[in-house]
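Survey of secondary and tertiary structure
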Amino acid sequence: MNMQTFRAATMREAMNMVKAELGAEAVLLSTRELGSGRVEIVAASDPQPKTSVPDFSRIARNTSPTAVSPEILNSMLTELQEMRMEIKQLRSEKSVARRSRQDWDRMVDELRDLASVMGIHGAEDAQAAPIITRLVRGGVEACLARTLVEQASQNARTASDTLWGVKQSLEDALSPAPAIWDSSSRSVAALIGPTGVGKTTTLAKIAAQATFYHGKKVALVAADTYRIGGTEQVKTYAELLGIPWMVAENRNALAGALKRFERADLVLVDTSGHSPWQDSGLAYLDTLTSGLPVERHLCVMANTDGADVSRMVERYRSGGVKSLVVTKTDEARRMGSMLSSVWGTDLQIAHLTTGQNVPEDITVPNAQKLTQAVLG
Amino acid sequence: MDETNRDEMQTHTNDQAQGLRTKFGRSFRVIAITSGKGGVGKSNITTNLALTLARDGRKVLLIDADLGMANCDVLMGLTPKHDLRHLLYEDVHIDECLSKGPEGVDLLSGGSGVAELTHLESEQKWRLLDALDPLGERYDTLLIDTGAGIGTNVQFFAGAAQDVVVVVGPEPTSLTDAYSTIKVLANRCGIRRVLVCINNVTTMAAARQVFRQLHSVTSRFLSVVVELAGWIPSDIHVEKAVMTQVPFTTAYPMAPASQGITRLAESILRRPPETGRAGGFQMFWKTLLASEEYVT
């Protein structure tokens, strides 16, 4: 492997150096700015990646040099060239296949959207249909889309009036809750939700934002003793942030932790994930926080199906939910499920998370932008 | 099973790996540990991994096959009287070639016998297999310190093991050497999955960063799966323990590095062994001795 460091005035210039020295195949290992406008790229490549050199040496050892005639060498060379051509052709065919597969998937998606709209609406009037279609494509459940449009079209005379009305109700529904780090008094916030939605990462982001940008005294409590490395992660983040943390495996330990962190502005509790459809998971949460002044914030993933998300929210709400955090918005193609998560409830979204970087990838939502995202 | 082992098991009964533990916990495992260059802490990690696996109830035989710098014995405070060479040429019984280390870990020093393993006469091979036969009953885990680099020695052992762990340090030279080693393992030994342990880094983020760099190059140029199996934080306890010739997981069980070894052990055992590789103690030695590839 050939590893080199390149420095230049611009990224483009440095990239050209990489290509010139290591070839187009080169892998970028790191890039950074050096100050005074210069950039540094570390890149690597392997000029002979898969050729097994030893095999050749073995051939060379076992056969005398004169044994390989020029004719044989030539025929090998021709064969090699033919094989190269074949590989090239196969590769291009493969990429064509892949592309048409994507097109196919997209078509199926669109057909499905259309079918769901047609199925419900049949003879819906011409003004409403395009808006409903647009909402459904944005991931809004068909029946919810229909309700929205019906409501908006009651006082509307034209299609654009209807669209305006829909936007208004979306903006209302999607108006944000106060940020978790914004509370003026001391607060204890537990992040709850199904497995794998990113509760711990979100907790770390909130902790870092509150500590660095809002001057809060933050403490962490790791109540996820079920998952391997669950408390480990909280510990790592706490150490990185230089803030105190504790493990609380049950309700009494949590009460103890809250007492110990009495003087913190914000105590964040990491809970373990459970299936929202099983009562045991919800019971665990209720037991964990019973009688304690803990506000629960529900994390849901942006790319969850709208119908699922609204039922999920319904289940968790029975134990009390203060606000929602919608995670992994960067992995979702459509934002409609966000609407489903708040529609028909008094819940609001406090945060969106937009990637894996701690603490950068978390935002406070903006109702207009979310509306735009839903409408596509 | 003695009392401590039982306690050990019970502390594990309540997390999500419970099913995996019972499933893979007691199957026979052959794990080779290697590195691209010397001095990245390979032998120290191997030794402590052996002890940690033993503490978890596994019966471990540690083979020190590091030809140039065999020092698992020093790390455990042992001075073996006999090694593999005595077994091969001087008819010393296998039991006398084993040294009893802490936690019930047995050590077989390769000594200069390792180099000779790669070109044995078939009669010697059978004698060795016979001599090793009674050991099959005694162990369920074979851990091999293969030495560093891309020598025949490393290929010899790594090629016959079920899993290969490559120890990588944070410095750039370690990265390029690790890449060369993985390349040889993939191209010459037919290994399809390599586990990586990043040693001597300050944070998990730093470990991830090193791994990401290595992975970006291997995934571009090689056809081998490279997985991050663990990371060991820089820890002053490691050096302290080496000075007193007590393995750091024994001397400082709660130190960050010791916890790193525990995570590494769990992470290795949690994965099913790479498929299609020798499954038992005898199978391992037969595969090893049958490989004519390395006859030079």
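Residues numbered from 1 in each chain as written. Chains lettered and ligands numbered in written order. Predicted model: local features only at pLDDT ≥ 70, side-chain atom pairs only at ≥ 80, totals over all residues.

Some points on the overall build of chain B
For chain B, the helix and strand inventory stands at 15 helices and eight strands. The buried share of chain B, taken over its 296 residues, is 49%. The contacts in chain B between residues at least 6 apart in sequence include a share of 79% that link residues at least 24 apart. (Helix = DSSP H or I, 4+ residues; strand = E, 2+ residues; numbered from the N terminus. Buried ≥ 20, exposed ≤ 12 C-beta atoms within 10 Å, placed from the backbone. Contact = placed C-beta atoms within 7 Å.)

Here's the deal with the sheet that holds strand E2 (residues 27-35) of chain A
Strands sit in the order E1-E3-E2 (chain A) across an open sheet of three strands; the sheet is antiparallel. The strands lining the two open edges of the sheet, one partner per strand, are strand E1 (2-8) and E2 of chain A. Across the sheet, the axes of successive neighbouring strands diverge by a mean angle of 15 degrees, strand direction being ignored. Its contacts with the sheet place helix H11 (residues 204-221) of chain B against E2 and strand E3 (38-45) of chain A, and it is angled at close to 140 degrees to E2(A). (Pairing = 2+ DSSP bridges. Axes fitted to C-alpha atoms, helices over the stretch in contact; angles between N-to-C directions.)

Structural notes on the pairing of strand E5 (residues 141-148) of chain B
All names here are of chain B. With eight of eight residues buried, E5 is to be regarded as a mostly interior element. Across six bridges, the pairing between strand E1 (residues 29-35) and E5 is parallel. In the sheet register, Ile-31 faces E5, and the bridge partner there is Leu-143. Bridging between strand E2 (residues 60-64) and E5 involves five bridges; their strand directions are parallel. Residue pairing across strands places Leu-62 opposite Leu-143, the latter belonging to E5.

Side note on the sheet that holds strand E8 (residues 295-301) of chain A
Residue and element names in this part refer to chain A. Pairing is mixed across the open sheet formed by eight strands, whose spatial order is E6-E5-E7-E4-E8-E9-E10-E11. One side of each edge strand has no neighbouring strand; the edge strands of this open sheet are strand E6 (245-247) and strand E11 (362-363). Of the strand pairs in this sheet, strand E5 (residues 218-222) and strand E7 (residues 266-270) are connected by five bridges, and their pairing is parallel. Each bridged residue has a counterpart across the sheet, and for Val-221 the counterpart in E7 is Val-269.

Brief notes about the packing of helix H8 (residues 122-132) of chain B against helix H15 (residues 281-290) of chain B
The axes of two packed helices give the description: the angle between them and the distance between them. All names here are of chain B. In contact at an axis separation of 11 Å, H8 and H15 are set at 165 degrees when each is read in the N-to-C sense. It follows from the interaxial angle that H8 and H15 lie roughly antiparallel. As H8 packs across H15, the resulting crossing turns out to be right-handed. Contacts between H8 and H15 pair Lys-125, Leu-128, Leu-129 and Leu-132 from the former with Trp-285, Lys-286 and Leu-289 from the latter. The class makeup of the residues in the contact of H8 with H15 is five nonpolar, no polar and two charged. (Parallel < 35°, antiparallel > 145°, perpendicular 65-115°, else oblique. Left-handed = near helix turned anticlockwise from the far one by under 90°. Nonpolar A, V, L, I, M, F, W, Y, C, P; charged D, E, K, R; others polar.)

Remarks on unusual backbone geometry
As a rule of thumb, non-glycine residues mostly have phi less than zero, and peptide bonds are mostly trans rather than cis. Along the chain, A:Val358 connects to A:Pro359 via a cis peptide bond; the corresponding omega equals 0 degrees. Tracing the backbone through its elements, the reader meets A:Pro359 in the loop between strand E10 (349-353) and E11. Positive phi outside glycine occurs at B:Glu103, with the angle close to 60 degrees. As for its position among the elements, B:Glu103 is in the loop between strand E3 (98-100) and strand E4 (106-109).

Considerations on the confidence of the model for chain A
Residues and elements named next belong to chain A. In the predicted model, chain A carries a mean pLDDT of 82, and the fraction of residues at 70 or more is 83%. Mean pLDDT across the elements of chain A ranges from a minimum in helix H2 (residues 53-62), with 37, to a maximum in E7, with 96. Between residues 51-68, whose pLDDT stays under 50, and residues either more than four places distant or in other chains, the model counts five contacts. Taken together, the stretch residues 120-124 has pLDDT below 50 and engages in seven contacts with residues farther than four places along the chain or on a different chain. (pLDDT = per-residue confidence, 0-100.)

Brief notes about the interface of chain A and chain B
In this complex, chain A contributes 17 residues to the contact, which on the side of chain B involves 18 residues. For the side of chain A that touches chain B, the elements supplying multiple residues, two or more each, are E2 and helix H8 (230-241) of chain A. Tallying contributions element by element places E2(A) first for the side of chain A that touches chain B, with three residues. A class-by-class count of the residues in the side of chain A that touches chain B yields 10 nonpolar, three polar and four charged.

A closer look at the nonpolar core
In this structure, B:Val164, B:Val165, B:Val168, B:Val196, B:Cys197 and B:Leu214 are the most contacted members of the largest nonpolar core, which totals 95 residues. No other element matches the seven residues that helix H10 (residues 172-188) of chain B contributes to this core. In contact with B:Val165, other than residues within four places in its own chain, are B:Ile31, B:Ile33, B:Leu195, B:Cys197, B:Ala229 and B:Ile268. Membership of the second largest hydrophobic core comes to 78 residues, among which are A:Val197, A:Ala223, A:Tyr237 and A:Val294. (Core = buried A, V, L, I, M, F, W, Y, C linked by C-beta atoms within 7 Å.)

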